[in-house]
Structures are given as C-alpha cells and as structure tokens.
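If you want the building blocks of each chain, they are given just below.
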Amino acid sequence: YEPPESPVALTPTPDWWVAFRGNLNNNLAVKKDMPVPDATPTLLWNSFIEEKSVSEWGTFPAAISDLLIVNDKIFYAADNHLVRLNKTTGEREHVAELRNSIQYLSRLAYAYGMILVPFDGGGLQAIDPDTMETVWVAESIDVLQIYRPEGDEWIPHDYPIQSLGTTYVTDGVAYMPLTAMVG
C-alpha cells in the first residue's frame with residue numbers, strides 16, 4: 001500500500017494571452033480605424049485550363065494542382081503537364097511534359113531552384129522553372145501490395161498509391177505523404 005500524495009496547491013498565474021513575452025505594453029490587440037476598401041474587385045486576367053483527362057469513362061477537364069508562384073511566373077500541373085503562365089497577362093508561356101498524370105491531387109513545391117511535382121503512383125518530378133526541363137525523376141511505386149489471409153492461403157492485394165499532401169523539403173531531401181487507396 002502506498003499513501004496518496006498530498007494535494008498540490010493551485011495558485012492563479014497571470015494570463016499573458018494578450019501580451020507578448022509577458023509584458024502588457026506589448027499588447028496584441030490594437031484598436032485602429034481602417035479605411036474600407038472598394039468592395040468591387042477588378043479582374044486582371046483569366047486563363048482557361050485546356051488540359052483534358054481521358055479515361056474509360058470519357059474525356060473530362062483535368063484536375064489541376066495548387067498554384068505556385070516562382071520568379072513572377074505562375075505554375076500549375078494538370079493531367080501530365082506542368083504549365084507556366086505569365087503572372088501579369090495570364091498567358092501560357094510554356095508547357096512541360098510530366099512522366100505521369102497528377103491524377104486527383106498534386107501540391108507543387110519549390111526548393112533548391114526546382115519545382116517538385118508529385119504525380120500518380122507516388123512519383124516525384126523536379127523541373128527547372130526557367131527552362132522547364134526535367135532535372136530528375138523519382139519513379140512511382142504504383143502499388144502497395146499487402147498479403148491477406150483468405151482461408152488457408154495468403155492472397156496478394158494491390159492498393160494504388162497516390163500523393164496525399166504537400167511535399168516538404170529539408171536538407172536536400174524531399175518528403176512526400178502518400179496514401180494507398182482501397183477500392
């Protein structure tokens with residue numbers, strides 16, 4: 001038998017939520033009258049996504065990646081293309097071929113002077129934003145194979161791999177979240 005510890009006395013502590021570094025003079029809340037901007041936005045340009053996705057169900061507009069701005073250019077991936085737009089005019093400047101389709105989701109990243117494009121099957125392609133040339137490709141793994149028992153046998157089941165989120169780059173290594181889709 002071990003006796004319980006004596007209760008700890010709780011004493012109130014100052015609430016520094018509204019202050020920076022525990023000083024009330026560094027208040028986060030500031031009252032300031034701000035002018036109300038014009039509520040009517042001005043469209044500078046628009047761009048039509050021309051890429052199509054062809055499948056056994058027909059031809060559809062391709063899913064596009066998140067937009068990425070690098071050196072006053074706008075980039076997006078659609079189907080198996082990386083597209084570069086002029087940021088000022090919205091005009092297409094260049095279209096580069098990707099090794100594979102982005103499928104449903106691709107979050108482009110920029111690191112070490114390269115645009116990193118995740119594509120279907122878990123692959124990753126690095127493209128120079130100025131020349132739109134491929135620098136390197138990490139090939140896709142396509143499927144995750146898991147063996148499951150069915151009766152007296154272990155049967156392989158294939159699950160397609162897909163990029164799931166934002167590619168993170170640190171110390172020269174790209175980390176890409178993947179998922180294995182069931183069904």
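What counts and how
Residues numbered from 1 in each chain as written. Predicted model: local features only at pLDDT ≥ 70, side-chain atom pairs only at ≥ 80, totals over all residues. Heavy atoms only, no water. Core = buried A, V, L, I, M, F, W, Y, C linked by side-chain atoms within 4.5 Å. Buried < 20%, exposed > 50% of the residue type's maximum accessible area, 1.4 Å probe, protein only. Helix = DSSP H or I, 4+ residues; strand = E, 2+ residues; numbered from the N terminus. Contact = heavy atoms within 4.5 Å. Salt bridge = Lys/Arg side-chain N within 4 Å of Asp/Glu carboxyl O.

(A) Fine view of the nonpolar core. Of all hydrophobic cores here, the largest spans 13 residues; its most connected members are F75, A77, L82, L98, L108, I115 and V117. Secondary structure elements with two or more residues in this core: strand 5 (68–70), strand 6 (73–78) and strand 10 (114–119). When near neighbours in sequence (up to four residues on either side) are disregarded, V117 contacts A77, L82, L98, I102, S106, L108, G123, L124 and Q125.

(B) Expanded view of the pattern of salt bridges. Applying the stated criterion to the full structure yields 5 salt bridges. When the shortest N-O distance is used, the salt bridge between D66 and R107 registers 3.1 Å. Of this pair, D66 sits in the loop between strand 4 (58–61) and strand 5 while R107 sits in the loop between strand 8 (92–97) and strand 9 (109–111), placing them 41 residues apart in sequence. On the basis of relative accessible area, D66 is assigned to the partly exposed category, the value being 39%. Residues joined in a network through salt bridges with shared partners are K73, R84 and E93.

Structural measurements only, silent on function.
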